[in-house]
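# Reading the structure
Residue-level listing of the chains:
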Amino acid sequence: MSQAAPTLLAERAEVAPDPALTGGRARWVAWTLTWVSYASYYLGRKGISVSKKPISEALGPDVLVGVESVYLAAYAVGMSANGFLGDRIGARRLIGFGMLLSAAACVVFGASSLGIAFLAAFLVNGLAQSSGWPGNIKAMAEWTTPGNRGRVMGFWATCYQVGGAVANPLLGLLLTLGLGWRATFFIPALWLALVGVAVLLFLKRGPGAGAGAGAAKEKGAATAEDAEEARLRAEARRSVLRSRVVYCYGGAYFGIKIIRYAILLWLPFYLSTALHYADGTAANVSASFEVGGVVGTIGMGFLSDRLRSVPRSVLSSVWLVMLAGALYLYVQIGGLGMGVNFAVMALVGALLFGPDSLLSGAAAQDAGGKYAAGVAAGMVNGIGSVGAILQEALTRGVSKHYGWDKLFYVFVGLALFSAACLVPTFRVGKGRSEGR
């Protein structure tokens, strides 16, 4: 690899800040618009969980069989594909058109009454929704530096906790108002379309984007790419595909996503059935996971920038070991009362979402650099999304045959597995550089 394309394991040496990246209204527009964009994606994916009961009552209990699995499979495949696409066409187009396609899929779903139509609509929706993370991570990589990336991404990555936490009550309100289950798809589709258009109109390429194909296509002149720039871009993408670091991040994220999706989708059920909380109480207490997640995401981002001599993967691994301890503690004392349960689950959320956001955000951006940030983010998240697909079978199988306590012990093992996946990436004593 030439000196013009630095190593994949981006190291954090002290770097003079680029004035274009440290001030200016355009930076805040990009940060805010991408935050709103990714938070909004959740409105287009949560309708099916909120409306599952009324849909089943209206159209039969089997009409939604396989829909969520098809969605998650398409999402996993699309994550990697969209990472490559984003580095070719630019973040603005990937995000904007992805949101418009997701909006169209939600409209089709809301207008349908047949299982096969639901499957097709959410297959397309999975592919469209998978444009969100690699596209937005690429955009944020263009508007951050290795010196501020940890703390900026720490705040920015609260988008998927806030989006997930807000979507359910907003969509539930539509049902409470008597608008029917179809409104939980039509109204989010309208919002997704509006935000998608805003992205297409107002999201600009950042100073850290470099020249090349993406820049040329954004200007409508795809043939203007400099030959050397094209070579560096192609080399960067090939390096990501060969990178042990990226696959280690993906392996760690696989375990993290199993735990995260299982807790997000099953914690209220666990609290109501195993600990006998009232349904409303279970919903409120389960919010502790994402409340803790916001704190952990911001805290990890600041810590990552503060400890510049420590690789981000080392910090993530340490937090994952602590996560294993917190999950074990939850099994032991989570049943002592709502206050204790809330506090310990908030600790679990902080220790999970911290490395979750760091590995899928700042660390992936470092690994891909300005030429392949979208590819790296797509690969890490694509591998991790396989875990999201598997979590339902794991959660149902272990809880049914062995009990909920044993399921949490499985989570302990997965947290330690994720920590171990990061060990090959450790380079203690090295700093972080600009990356590619």
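Residues numbered from 1 in each chain as written. Predicted model: local features only at pLDDT ≥ 70, side-chain atom pairs only at ≥ 80, totals over all residues. Heavy atoms only, no water.

## Points about the overall build of the chain
A tally of helices and strands in the chain yields 18 helices and zero strands. Relative to its 436 residues, the chain shows a buried fraction of 56%. Put simply, of all contacts in the chain between residues at least 6 apart along the chain, 84% involve residues at least 24 apart. Here the chain has roughly 17,000 Å² of accessible surface; of this, 68% comes from carbon and sulfur atoms. (Helix = DSSP H or I, 4+ residues; strand = E, 2+ residues; numbered from the N terminus. Buried < 20%, exposed > 50% of the residue type's maximum accessible area, 1.4 Å probe, protein only. Contact = heavy atoms within 4.5 Å. Areas by Shrake-Rupley, 256 points an atom, 1.4 Å probe, with all protein chains shown as cover.)

## A few points about the packing of helix H1 (residues 25–41) against helix H10 (residues 183–202)
Orientation of H1 relative to H10, taken along the N-to-C sense of each, is 155°, at an axis distance of 10 Å. Regarding the angle of H1 to H10, the classification is roughly antiparallel. Note that H1 runs across H10; the crossing there is left-handed. Seen from H1, the contacting residues are Val-29, Leu-33, Val-36, Ser-37, Ser-40 and Tyr-41; seen from H10, they are Trp-191, Leu-192, Val-195, Ala-198, Val-199 and Phe-202. Taken together, the residues that form the contact of H1 with H10 break down as ten nonpolar, two polar and no charged. (Axes fitted to C-alpha atoms, helices over the stretch in contact; angles between N-to-C directions. Parallel < 35°, antiparallel > 145°, perpendicular 65-115°, else oblique. Left-handed = near helix turned anticlockwise from the far one by under 90°. Nonpolar A, V, L, I, M, F, W, Y, C, P; charged D, E, K, R; others polar.)

## Description of the pattern of salt bridges
Using the criterion set out here, one finds two salt bridges in the structure. A salt bridge links Asp-356 to Arg-260; the shortest N-O distance between them is 2.7 Å. Of the two residues, Asp-356 is situated in helix H17 (residues 338–402) and Arg-260 in helix H13 (residues 244–273); the sequence distance between them amounts to 96 residues. For the pair shown, Asp-356 and Arg-260 are each scored as buried. (Salt bridge = Lys/Arg side-chain N within 4 Å of Asp/Glu carboxyl O.)

## What to know about the packing of aromatic side chains
Applying the stated rule across the entire model yields 23 aromatic pairs. The interplanar angle of 80° and the centroid separation of 6.0 Å between the aromatic rings of Tyr-38 and Tyr-42 together place this pair among those described as edge-to-face. Assigned by exposure class, Tyr-38 and Tyr-42 land together as buried. Its guanidinium or amino end placed over the ring of Tyr-42, Arg-45 lies 4.4 Å from that ring's centre, counting from NZ or CZ. (Phe/Tyr/Trp six-rings, centres within 6.5 Å; stacked < 30°, edge-to-face > 60°. Lys NZ or Arg CZ within 6 Å of the ring centre and 35° of its normal.)

## Some words on the environment of Gly-334
Residue position: Gly-334 is located in the loop between helix H16 (312–333) and H17. By relative accessible area, which is 2% here, Gly-334 ends up buried. C-alpha of Gly-334 to C-alpha of Leu-271: the two residues are 63 residues apart in sequence and 9.9 Å apart in space. Apart from residues lying up to four places away in sequence, Gly-334 is in contact with Leu-275, Tyr-277, Leu-329 and Asn-341.

## Topic: the nonpolar core
Tyr-38, Phe-109, Trp-156, Ile-263, Leu-323, Leu-327 and Phe-411 are the most contacted members of the largest nonpolar core, which has 109 residues in total. Ranked by the residues each element gives to this core, the list is headed by H17, at 20 residues. The residues touching Leu-327, leaving out its near neighbours within four places in the chain, are Ile-263, Val-348, Phe-408, Phe-411, Val-412 and Ala-415. (Core = buried A, V, L, I, M, F, W, Y, C linked by side-chain atoms within 4.5 Å.)

Read these as geometric descriptors, not functional statements.
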